[in-house]
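This is what each chain is made of:
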Amino acid sequence: MSDNSAVQIRNVVKRFPGPGGAADGEVVAVDHVSLSIRDGEFFSLLGPSGCGKTTTLRMIAGFEHPTEGEILIHGRPMGLTPPYQRNTNMVFQNYALFPHMTVARNVAFGLQMKKVSDEETQRRVQEALAMVRLPDFGPRRPNQLSGGQQQRIALARALVNRPELLLLDEPLGALDLKLRKEMQIELKSLQKEVGITFIYVTHDQEEALTMSDRIAVMHQGKVLQVGSPTEIYERPCCRFVADFIGDTNFMDGVVESQEDDIVTVRVDDGLPVMVQSGGTLARGTRVTVAIRPEKLRLLPKPMGGSHNSFPCQVEQVIYVGTDTRFLVRLSDSVALTVREQNVISTPDPMAYYAEGGDQVYAVWLSDAGQLLTD
Amino acid sequence: MTDATTIQGGNRILAAIRRRPGLGILALIFPSLFWLIVFFLIPLIIVFVYSFLKRGPYGQIEWEFNLQNYARFFDPLYLRVFARSFKIAGITTIVCFLLGYPMAYWMATRPARWRNTLLLLLMIPFWTNFLVRTYAWILILRDSGLVNNALMSLGLISQPLPLFGNDLAIVIGLVYGWFPDMVLPCYAAIERLDFSLVEAAQDLYANELRAFARIIFPLTLPGVVAGSILVFIPSLGAYVTPDLLGGAKSVMIGNVIQSQFLSVRDYPFGSAFSFVLMAMMLIATLLYFRVGGRTM
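Residue indices follow the written sequence of each chain, beginning from 1 at its first position. Following the order in which they are written, the chains are lettered starting with A and the ligands numbered starting with 1. Two thresholds apply to this predicted model, a pLDDT of at least 70 for residue-level local features and 80 or more for giving and counting side-chain atom pairs, whereas whole-chain, interface and lining totals are computed over all residues.

Draft legend 1. Here's a closer look at the overall build of chain B. Here a helix means four or more residues in a row that DSSP labels H or I, a strand means two or more in a row labelled E, and each is numbered from the N terminus. When you go through chain B residue by residue, the secondary structure sums to 13 helices and two strands. For the radius of gyration, the atoms used are the C-alpha atoms, and the globule rule reads 2.2 Å times the number of residues raised to 0.38. Taken over the C-alpha trace, chain B has a radius of gyration of 25 Å; the compact-globule value for 296 residues is 19 Å, which it surpasses by more than 25%. Working definition of burial: number of other C-beta atoms within 10 Å of the residue's own, with buried at 20 or more, exposed at 12 or fewer, and partly exposed in between, all C-beta atoms being placed from the backbone. A burial count over chain B gives 29% of its 296 residues as buried. Look at the contacts in chain B between residues 6 or more apart in sequence, and 70% of them connect residues 24 or more apart. Two residues form a contact once the distance between their C-beta atoms, set from the backbone, is within 7 Å.

What follows is the structure, encoded as structure tokens:
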């Protein structure tokens, strides 16, 4: 057990009674999850709805208790400690600001419950409001605030207590896209400023990639992969992670041969695709090759060496401003999405790429793809 | 032919309503407005006018304006009746709250599929006639009633407890009678409560008791206020319950008004008394809303 872990989750299982009551069997929300969250890091639990991420967060907060396993906060086993005796604070999805209290009284609530003196409470409330850049909002009521402002007050109400852990349950979910992006950056810099461990629950992969030091990807109650944003994005452990984070092209096939770390995969209708692999794979193993659309290039002529290079037909062109997405067909069953950045301002990207005649080649480096064995 | 003219007539009315939207609203509220005017407003005006008139020697109305009826209210005898009525209605309201709020809380926090059943169970006893249910309380509370018989046969008491024919019996009867009127508004308020606010309070170091005092109770106070008014007002004017369950000394405002109209045949005084009661209720309600409104 290392000293710098803020939270240790050890083999935690959480079962709930089924929707029809106790007789309806049980639902496993969290299935043998083990995680170690380091002190001072921005850690995200990422996954689709129902993957167990919120239940995990609520167990850290003390709103739920593990059916099996244990949770330690800074080395102390939490057991059945209720939330009001844990030095953690939570930012709720709907903010959960007390509607019958002013902003200042909302922010002061935790300090009052801890019986902090009135002068100190006032000073710290002012500091917290200044920190979230709403210093004059103390006398207002929550219903007089915009979504983004409520969000900041919820943050101030939690951080004013200087918790060991700040737990955030999809706090940006209700905001519009532009505000959400602003708040992402703000949250990240706030976390660096206060140095508190943030545990952030989200289903938005982009949000997790933008803010996190490390991410745990969850699915059906299990943690599939834990790693930095680059590890998660560039080296997904399995098909689910590759598919959930960003866009990915998948090609199923069998291992045909291996030369050093380059594996040749015979894709199901015949294309030989080269992929870099960490280990040795037996000939005939069923695998999936995953390749991100931005790692593919469309070129007028083929390239050799460690490049994969296949003639293809452009089937669809979708212009999305920053880049253009092409759907290209390599064979009857293999169609890939290619993302080309719009480096050149051209009124007709299709004309630009189709310049060398109808024939174009989809080209990518062997180490751009990822070999998945699940 | 007739159909065509009917349709034409209908179209003409519709066209008129479209030209003047106010007309449509008037047409919609007319039935209830008519009902209220004929059966509520006009009788109220009659009672109001009566309250300034004089009773003749044979109980007839004499058309002579005077304020004597209102002055009589300050007779200590009647002031005592008012005071007792307020006391009984107040105790009834408090007991209803103390019993009803926890029950409403329990009901509102059951799984959604149970709640309607629980509401139904709460309501079923009240489908029986109020008078019959009040008579039933006589059988339960009197000296040879269910409670006293049971306690005596168990040897717990040797003399029957004085449960019947006093203020206690009235309070029991009123609490029973108006209980759902307290539970339902409280239930509605508690069910609407966003329980993530309670979690937020607990997360901010408030234990269960403080979360209740600081969050749950203040936020469900509108339900408590509504329930209290719904219990207090009919309790204050109650007449059947004190008549059946109370003793000779337990007279409430409702009984005075009833006897003025039906026994003494002093319509003007009965009318004045009714108006004083209405004014009292209005003042009490407004005060209550103000107090409730401030903390809400």
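Draft legend 2. Seen up close, the packing of helix α9 (residues 195–203) of chain B against helix α10 (residues 208–236) of chain B. All names here are of chain B. In this analysis, axes come from line fits to C-alpha atoms, helices being fitted only over the stretch in contact, and the angle between any two N-to-C directions falls in the range 0 to 180 degrees. One can describe the packing of α9 onto α10 by two numbers: an axis separation of 9 Å at closest approach and a directional angle of 160 degrees. When the axes of α9 and α10 are compared, the pair comes out roughly antiparallel. Of the two possible hands of crossing, α9 and α10 adopt the one that is right-handed. In this structure, α9 contributes Leu 197, Val 198, Ala 201 and Gln 202 to the contact, and α10 contributes Ala 211, Arg 214, Ile 215, Ile 216 and Leu 219. The classification used treats Ala, Val, Leu, Ile, Met, Phe, Trp, Tyr, Cys and Pro as nonpolar, Asp, Glu, Lys and Arg as charged, and all other residues, Gly among them, as polar. The class makeup of the residues in the contact of α9 with α10 is seven nonpolar, one polar and one charged. Orientation is classified from the angle alone, with under 35 degrees giving roughly parallel, over 145 giving roughly antiparallel, 65 to 115 giving roughly perpendicular, and any other angle giving oblique. Here a crossing is called left-handed whenever its near helix is offset anticlockwise from the far helix by less than a right angle, and right-handed whenever the offset is clockwise.

Draft legend 3. Here's a closer look at the sheet that holds strand β5 (residues 76–77) of chain A. An order of β2-β1-β4-β5 (chain A) is seen for the four strands of this open sheet, with the pairing classed as antiparallel. On the outer flanks of this sheet lie β2 (26–38) and β5 of chain A, each paired with one strand and no other. Two strands form a pair only when DSSP identifies at least two bridges running between them.

Draft legend 4. Looking closely at the interface of chain A and chain B. Contact with chain A, which involves 16 residues of that partner, is made by 15 residues of chain B. Per-element accounting of the side of chain A that touches chain B gives the leading share, three residues, to helix α2 (residues 103–113) of chain A.

Draft legend 5. Quick look at unusual backbone geometry. All names here are of chain A. One non-glycine residue, Tyr 95, lies in the positive phi region at around 70 degrees. You can see Tyr 95 is positioned in the loop between β6 (88–91) and α2. The backbone phi angle of Gln 220 is positive, close to 50 degrees, even though this residue is not glycine. Along the polypeptide, Gln 220 turns up in the loop between β9 (214–219) and β10 (222–227). The class of Gln 220 is partly exposed, set by 14 C-beta atoms lying within 10 Å.

Draft legend 6. Up close: the sheet that holds strand β15 (residues 297–299) of chain A. Residue and element names in this part refer to chain A. Across the sheet, five strands lie side by side as β15-β19-β16-β17-β18; this open sheet has antiparallel pairing. Each having just a single partner strand, β15 and β18 (335–341) make up the two edges of the open sheet. The mean angle between the axes of side-by-side strands here comes to 50 degrees, regardless of whether they run parallel or antiparallel. Relative to β18, strand β17 (residues 323–329) is paired through seven bridges, and the arrangement is antiparallel. Bridge pairing in β18 places Arg 325 opposite Arg 339.

Draft legend 7. Broad picture of the environment of Leu 168 of chain A. As for its placement among the helices and strands, Leu 168 of chain A is situated in strand β7 (residues 165–169). Every residue in contact with Leu 168 of chain A, bar those within four places of it in the chain, is listed here: Val 91, Phe 198, Ile 199, Tyr 200 and Val 201 of chain A.

Draft legend 8. Region of the structure containing the domain arrangement of chain B. Residue ranges assigned to the domains are those given by an automatic or database domain assignment. Examined at the domain level, chain B breaks down into domain 1 (2–50) and domain 2 (72–295). Here the C-alpha centroids of domain 1 of chain B and domain 2 of chain B sit 38 Å apart.

Draft legend 9. A look at the domain arrangement of chain A. Residues and elements named next belong to chain A. Domains assigned within chain A are domain 1 (5–243) and domain 2 (247–372). Between the C-alpha centres of domain 1 and domain 2 the distance comes to 39 Å. On the domain 2 side, the residues contacting the six residues of domain 1 number five residues. A class-by-class count of the residues in the side of domain 1 that touches domain 2 yields three nonpolar, no polar and three charged.

Draft legend 10. Up close: the confidence of the model for chain B. Residues and elements named next belong to chain B. For every residue, the predictor states its confidence as a pLDDT score lying anywhere from 0 to 100. Scored by pLDDT, chain B comes out at a mean of 89, with 97% of its residues at no less than 70. Least confident of the elements in chain B is helix α1 (residues 2–19), whose mean pLDDT is 75; most confident is α9, at 95. Both scores are available for the predicted complex, with the pTM at 0.81 and the ipTM at 0.83.

Draft legend 11. Focus on the packing of helix α6 (residues 130–141) of chain B against helix α8 (residues 167–192) of chain B. Residue and element names in this part refer to chain B. Relative to each other, α6 and α8 sit at 140 degrees, their axes nearing to 11 Å. On the basis of their axis angle, the class for α6 and α8 is oblique. Judged by the sense of rotation from one axis to the other, the crossing of α6 with α8 is right-handed. Contact residues: α6 offers Phe 130, Thr 134, Trp 137 and Leu 141, while α8 offers Ala 169, Ile 172, Gly 173, Tyr 176 and Gly 177. Taken together, the residues of the contact of α6 with α8 break down into six nonpolar, three polar and no charged.

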